[in-house]
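The chain contents come next:
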Amino acid sequence: MTAGVQDEGGSADPDATSALLPSRVAKLLSALFYGTCSFLIVLVNKALLTTYGFPSPIVLGIGQMAATIMILYVSKLNKIIHFPDFDKKIAVKLFPLPLLYAGNHITGLSSTSKLSLPMFTVLRKFTIPLTLLLETIILRKQYSLNITVSVFAIILGAFIAAGSDLAFNLEGYIFVFLNDIFTAANGVYTKQKMDPKELGKYGVLFYNACFMIIPTLVISVSTGDLQQATEFNQWKNVLFIIQFLLSCFLGFLLMYSTVLCCYYNSALTTAVVGAIKIPCDLQFGFLGESAC
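Residues numbered from 1 in each chain as written. Predicted model: local features only at pLDDT ≥ 70, side-chain atom pairs only at ≥ 80, totals over all residues. Heavy atoms only, no water.

### Let's talk about a nonpolar patch on the surface
Piece 1. Residues Leu170, Ile174, Leu178 and Ile181 make up a contiguous nonpolar surface patch of roughly 350 Å² in combined accessible area.
Piece 2. With relative accessibility at 36%, the residue Leu178 sits in the partly exposed group. (Patch = residues over 30% accessible without salt bridge, like charges linked within 9 Å, V, L, I, M, F, W, Y side chains within 5 Å. Areas by Shrake-Rupley, 256 points an atom, 1.4 Å probe, with all protein chains shown as cover. Salt bridge = Lys/Arg side-chain N within 4 Å of Asp/Glu carboxyl O. Buried < 20%, exposed > 50% of the residue type's maximum accessible area, 1.4 Å probe, protein only.)

See below:
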């Protein structure tokens, strides 16, 4: 499902061209890294938002953005990574990624708190056909009939797997479908904007978080989300604090692994990797809810 890189001149040395292409190992490891991070953060966020009853998914998203900014900025200061310094053109280069990034964050955390884990996992599979559609429209990629049929087979299999958990929650469904749209669009535009000669992987991550953390904080204050977070009664609970900080760190790892997987593979491959982890999501979801 990963689209190949075509040589612009059409007559370049095959050895030089192959050297520019990511290796199969890099593609596989980046996909595995993304799948692992995606699986772990769903479990941690589900525990925070439902088991502990943390009332503020937006504040949790702000924590993840703050962790991303701090980790990348410190890494740049120590010359571990490199990305361009800020200038006025960066906002234009990134648009509309920051909006998609924030929308993906907020709707994802909100839907996690309102749906059971198996149903959340099922409805998230709609990201795959949306990604395929947007890659075709925006990136002008063409996929074979076999790939298209496979995509819809994944969705059908997900519905069968979670068929015993059909609790209706309209608000949760709206949030998760919005999250599907934001996730698909975010993956496609991330692939489009990740030019190493421009912002690169780390620049896209850093400036996305920088541009959206303040507007998201304003939204949190205006909706009362921040006040609910500050008044939450578990801040003295060490286990809760550890899981909150873990969620913030995993939020950074998820964003980084998403960018990495899109960089070495395609946006569609990244979306499909999320579907491969469905047996684990469903198994942990059913076990967790049966224990409640």
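### Description of the packing of aromatic side chains
Piece 1. Counting across every chain of the model gives 22 aromatic pairs.
Piece 2. Considering the side-chain rings of Phe252 and Tyr256, the 6.2 Å spacing of their centres and the 10 degrees angle between planes classify their relative orientation as stacked. Of this pair, Phe252 and Tyr256 both sit in helix H12 (residues 238–264), four residues apart, which is roughly one turn of the helix. The pair formed by Phe252 and Tyr256 is uniform in burial state, with each residue classed as buried.
Piece 3. Sitting over the face of the ring of Phe83, Lys76 holds its NZ or CZ atom 4.5 Å from the ring centroid.
Piece 4. Positioned over the ring face of Tyr263 is Lys201, at 4.4 Å from the centre of the ring. (Phe/Tyr/Trp six-rings, centres within 6.5 Å; stacked < 30°, edge-to-face > 60°. Helix = DSSP H or I, 4+ residues; strand = E, 2+ residues; numbered from the N terminus. Lys NZ or Arg CZ within 6 Å of the ring centre and 35° of its normal.)

### Let's talk about helix H3 (residues 57–77)
Piece 1. Taking 1.5 Å per residue as the helical rise, H3 with its 21 residues ought to reach 30 Å, and the 30 Å between its terminal C-alpha atoms agrees with that figure.
Piece 2. Of all the 21 residues making up H3, 15 are buried; the element is thus mostly covered by neighbouring parts of the structure.
Piece 3. Where H3 terminates, the next one or two residues include Lys79, which has phi positive at roughly 60 degrees. (Expected span 1.5 Å × (residues − 1).)

### Concerning unusual backbone geometry
Piece 1. With an omega of 5 degrees, the peptide bond between Phe95 and Pro96 qualifies as cis.
Piece 2. Here Pro96 is to be found in the loop between helix H4 (89–94) and helix H5 (97–114).
Piece 3. Phi angles above zero are rare outside glycine, and Lys79 is one such case at about 60 degrees.
Piece 4. Here Lys79 lies in the loop between H3 and H4.
Piece 5. The class of Lys79 is exposed, set by a relative accessible area of 76%.

### Thoughts on the packing of helix H10 (residues 200–222) against H12
Piece 1. At a closest axis distance of 10 Å, the pairing of H10 and H12 adopts a crossing angle of 140 degrees. Put simply, H10 runs oblique to H12. Between H10 and H12 the crossing geometry is right-handed. Along its contact with H10, which presents Lys201, Tyr202 and Leu205, the element H12 presents Met255, Tyr256, Val259, Leu260 and Tyr263.
Piece 2. Its residues assigned to classes, the contact of H10 with H12 shows seven nonpolar, no polar and one charged. (Axes fitted to C-alpha atoms, helices over the stretch in contact; angles between N-to-C directions. Parallel < 35°, antiparallel > 145°, perpendicular 65-115°, else oblique. Left-handed = near helix turned anticlockwise from the far one by under 90°. Contact = heavy atoms within 4.5 Å. Nonpolar A, V, L, I, M, F, W, Y, C, P; charged D, E, K, R; others polar.)

### Let's talk about the nonpolar core
Piece 1. Leu48, Phe54, Leu72, Leu94, Tyr207, Phe240 and Phe244 are the most contacted members of the largest nonpolar core, which has 45 residues in total.
Piece 2. Listing elements by their share of this core, those giving two or more residues are helix H2 (24–51), H3, H4, H5, H10 and H12.
Piece 3. Sort the elements by how many residues they give to this core and H12 lands first, with eleven residues. (Core = buried A, V, L, I, M, F, W, Y, C linked by side-chain atoms within 4.5 Å.)

### Some thoughts on the side chain of Thr107
Piece 1. Structurally, Thr107 can be placed in helix H5.
Piece 2. A distance of 2.6 Å separates the side chain of Thr107 from the backbone oxygen of Gly103, its partner in a polar contact.
Piece 3. Side chain to side chain, Thr107 and Asn179 meet in a polar contact 3.2 Å long.
Piece 4. Beyond its immediate sequence surroundings of up to four residues, Thr107 is in contact with Phe175, Leu178, Asn179 and Phe182. (Polar contact = N/O pair within 3.5 Å; in protein donor to acceptor, adjacent residues only side chain to side chain.)

### Let's talk about the side chain of Thr183
Piece 1. Position of Thr183 relative to the elements: it lies in helix H9 (residues 170–193).
Piece 2. A distance of 2.7 Å separates a polar side-chain atom of Thr183 from the backbone oxygen of Asn179.
Piece 3. Ignoring any residue separated from it by four or fewer positions in sequence, one finds Thr183 in contact with Asn104, Arg124 and Thr127.

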